[in-house]
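Residues per chain are reported as follows:
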Amino acid sequence: MNGNILIIEDEDAIVNVLTSILIANEYMPVVAKDGQQAMMLLRSFQPDVILLDLGLPDIDGKELLKSFRQTHNCPVLVVSARDSEQEKVELLDLGADDYITKPFGTSELLARIRVVLRTRTVSEDRGSVAKNVYCCGKLHIDLDKHIVMLDGERVHLTKNELRIIELLGHNPGKVLTYDYLIKNIWGEDMPDNNRILRVNMANIRRKLEENPAEPQYIMTEIGVGYRMADESCF
Amino acid sequence: MTTGTEKKRKPKLNWIDVLNKLVITIVVLAIATAVNYVVVFLYQKTTNVSGVFLLSIIVISALTGEYFWGIFSAFYSIIATNFFFFYPFFAFDFSLTGYPLTFLVMMATSVLTCALTVNMHQQRDKARWREKMAHLMNEMDRMLLRADTKEEIVTLLMENLHAQVGRPVIYLENENSEFVFLQEIPLPEDPVEEPPKRTVEEKYLPEYYRNARKSIAQRRVIIDDLDPVHGDGVLCIPILWQEKIFGTTCIILGEDALNDEIERFAQGLINHFAIAFDHQELREEQQRILMEKQEEQLRGSLLRSISHDLRTPLTGIIGASGVILENGTRMQPEQQHKLLVDINEEAHWLLRMIENVLSVTKIGNRSTKFKKMLEPVEEVIADSVVRCRKYHPELKVTIQQPDELLMIPMDPILIRQVVTNLLDNAYRHGKSDKKIELNVVQAGKFVEISVQDYGSGMAEEDLQHVFQGLGRRRQQDADSSRGLGLGVSICKTIVEAHGGRLFAENIEGKGLRVTFCLPVGEDE
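It should be emphasised that the depicted structure is a prediction, and the values quoted were computed from it without experimental measurement.

1. Some details on the overall build of chain B
Then comes step 1: A tally of helices and strands in chain B yields 13 helices and 12 strands.
Then comes step 2: Within the span of chain B, comprising 524 residues, buried residues form 42% of the whole.
Then comes step 3: By sequence separation, contacts in chain B at least 24 residues apart represent 66% of the contacts at least 6 residues apart.
Then comes step 4: Total accessible area computed for chain B in this model is approximately 29100 Å², and 58% of it derives from carbon and sulfur atoms.

What follows is the structure, encoded as structure tokens:
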């Protein structure tokens, strides 16, 4: 078994699809049809990942997410039909690990589940040396020694560029919002404009990517943030 | 002849003028005296003397156009007649019988002749002036017909004003009490053939600003005070029409003031242009109303397109899934697989259409502005390609863009929608092995993004229909081009809502190229 997955979703058609995909890929799914059931199952079932649909009959998905986060550390992947960038940012800020928009493909869903599962494992055993290296294609980042290598050669990055790429490298496959990046690198009192981040990112891409127009390592989630390519992507 | 440029330096020119007229007067009077002398000497008769002098007075008045020279000639004639042609010759004798009468008659005749000729002179000048003005105004009206934008009108005004006044002129636009647009025509010494420079020399700027500000500030307070403001070497004339201010023109005078006629003309010209500005504003207003109407139509046509475009794939989905449900296990696995692939493709297509429709609802109407942010063009383009590859994994595209980071104000999701749609169209309609080309170019105040395919292009008629009109292609091939009309009209709506433009052209030897441009926006 790859892990226990709690599906919080009220629509039968979607539940059918999700459970069949998950079972076929050796996950163990359990379904909650409303918020109350979800809170109960969360305690008894001990899921490894939660798939949360936002439109529930008894409670707003965001409220549910907030109450999860007060008690549990379990990774949450939000499944939503609402395609607003602002909402995505809000969800990530509330503590969701990732989101996926309906309709989604099977492979996309499985990839996201793998990412949230792994990110959690990594953050749980922080300190183990082997985990503090990010490798993807020709890019190799040593997160402890602060060294970025591309195709065996060291890449010279400015201090801020290095901090951006390390933050992203610590969370491969996960979207980090513009706000999160700016606050972590330039501090809280940075004026509300992400131009500086964009300029830094453009510079990083020119140093790392073969063709900045078609980035391989750092993807943009338009209107939300940046996502470092997942290690399993190659 | 008095033209604008001759008169502008009035004090200096006057002396030469006076000298000229003096010479004319002396020459004419000398000739008259000589003629008389010859006549009197030959025939010993003095009957023609006053006639010849009278003629000379008329000639002088006509040539100089001023009373002074006429009266001066009259005096001379009377004195000369007495001195040269009556006994005692070469001496005065005021006791001649009837002399006071002769004097009076001669004087009255001279003054009258002078008055008549001078008046004629002035009338002719005025007529010429009026004719010239009428001609100019006509010419300008003709040019104004071709001027669509405010900027074009301003350029025309500046050029004409400069040509007539012969001084550098500046145009100040007062938008929200800030001057945002400055235009200057260089001094007349510059060769005429050169296109007028539109730079403001630093040394002029502070003074202009002060004067122009004063002028406009005063305009604000007393709106019906139409007098121009004279200030340190600058004449500021507001462009006013029916209590609306369209800006201020400043004429740099330096030490020489304009003469009244030229100033009146300048005022007239500016008033004339004020009307043009007003018309232009009205036209814009009309255009806006028309646009709103078109938007309504677009929405209507969108709804029609949607219902048609969505019905087709839905029919496919319902049909195929129905066949599988009914026949179930009796079906060949390959056949079933084929139907399932169809269902999947149709569903994806539906999804893309719905995304398109959603993006239009985001724009809503023009009056409610959607949120624009400064976004890097390269990120939006990269994401569009990634998105498009999700549907078309075989999509081949080469991207060319400038090295420097271009950030322009936009709603990135909507622009991504546009690029994705264009790529999707290029992929589906430009069936070719050659890669699609995506180019980003900065062209002045715009960034141009073009998608070029290597397909067979599009018939001109269809181009017109799809890219300029609102609807889809001709009905008979509606199915082959399904979604094209809808997709393009959505792209157009999005681009235009950003203040840009979308157009398509067939490129010889390549295929269809669809380009859209977005304004770079104000620099921060």
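2. Description of the pattern of salt bridges
When the charged atoms of two side chains lie near each other, side chains of opposite charge can form a pair.
Then comes step 1: Under the criterion given, the structure shown has 31 salt bridges over all chains.
Then comes step 2: In this structure, Lys102(A) and Asp53(A) form a salt bridge, with 2.9 Å as the shortest nitrogen-oxygen distance. Placement of the pair is Lys102(A) in the loop between β5 (98–101) and α5 (106–124) and Asp53(A) in strand β3 (residues 49–53), with a sequence separation of 49 residues. Across the pair, exposure class does not vary: Lys102(A) and Asp53(A) are buried alike.
Then comes step 3: Put simply, Arg428(B) and Asp424(B) hold a salt bridge, and the shortest N to O gap is 2.9 Å. Here the residue Arg428(B) and the residue Asp424(B) both occupy positions in helix α11 (residues 412–429), the gap between them amounting to 4 residues, near one helical turn.

3. Quick notes on the nonpolar core
All names here are of chain B.
Then comes step 1: Core analysis: the biggest nonpolar cluster contains 55 residues, and Leu423, Leu438 and Phe516 have the highest contact counts within it.
Then comes step 2: Here the element with the most residues in this core is α11; it accounts for 8 residues.
Then comes step 3: Not counting residues within four places of it along the chain, the set of residues in contact with Phe516 comprises Ile415, Val418, Val419, Leu422, Val447, Glu448, Ile449, Val495, Arg501 and Leu502.
Then comes step 4: With 31 residues, the next largest nonpolar core counts Met133, Leu156, Leu235 and Ala276 among its residues.

4. Side note on the interface of chain B and chain A
Then comes step 1: Chain B puts 24 residues into the contact, and the matching count from chain A is 18 residues.
Then comes step 2: For the pairing of chain B and chain A, the buried interface totals around 1700 Å² over both sides, and the portion due to carbon and sulfur atoms is 50%.
Then comes step 3: For chain B, the biggest contributors to the area lost against chain A are Glu378(B), Glu379(B) and Met407(B); these three give 28% of the whole.
Then comes step 4: At the surface where chain B touches chain A, the tally comes to 5 salt bridges.
Then comes step 5: Our enumeration of links across chain B and chain A arrives at 6 residue pairs in polar contact (both at pLDDT 80 or more).
Then comes step 6: Contributions of two or more residues to the side of chain B that touches chain A are made by β6 (373–376), α10 (377–391), β7 (397–400) and α11 of chain B.
Then comes step 7: In terms of residue count, the dominant contributor to the side of chain B that touches chain A is α10(B) (8 residues).
Then comes step 8: Across the side of chain B that touches chain A, the residue classes break down as 13 nonpolar, 1 polar and 10 charged.

5. What to know about the sheet that holds strand β11 (residues 501–506) of chain B
All names here are of chain B.
Then comes step 1: Read across the sheet, 5 strands follow the order β7-β9-β10-β12-β11 without closing on themselves; strand pairing throughout is mixed. Two strands close off the open sheet at either side, each with one partner strand: β7 and β11. Strand-to-strand twist of the sheet, defined as the mean angle between neighbouring strand axes without regard to direction, takes the value 15 degrees.
Then comes step 2: In the sheet, strand β9 (residues 436–443) pairs with strand β10 (residues 446–452) via 7 bridges, with the strands oriented antiparallel. Considered in β10, the bridge of Leu438 is made with Val451.

Procedures and definitions
- Residues numbered from 1 in each chain as written.
- Chains lettered and ligands numbered in written order.
- Predicted model: local features only at pLDDT ≥ 70, side-chain atom pairs only at ≥ 80, totals over all residues.
- Heavy atoms only, no water.
- Helix = DSSP H or I, 4+ residues; strand = E, 2+ residues; numbered from the N terminus.
- Buried < 20%, exposed > 50% of the residue type's maximum accessible area, 1.4 Å probe, protein only.
- Contact = heavy atoms within 4.5 Å.
- Areas by Shrake-Rupley, 256 points an atom, 1.4 Å probe, with all protein chains shown as cover.
- Salt bridge = Lys/Arg side-chain N within 4 Å of Asp/Glu carboxyl O.
- Core = buried A, V, L, I, M, F, W, Y, C linked by side-chain atoms within 4.5 Å.
- Buried area = accessible area lost by both parts, 1.4 Å probe.
- Polar contact = N/O pair within 3.5 Å; in protein donor to acceptor, adjacent residues only side chain to side chain.
- Nonpolar A, V, L, I, M, F, W, Y, C, P; charged D, E, K, R; others polar.
- Pairing = 2+ DSSP bridges.
- Axes fitted to C-alpha atoms, helices over the stretch in contact; angles between N-to-C directions.

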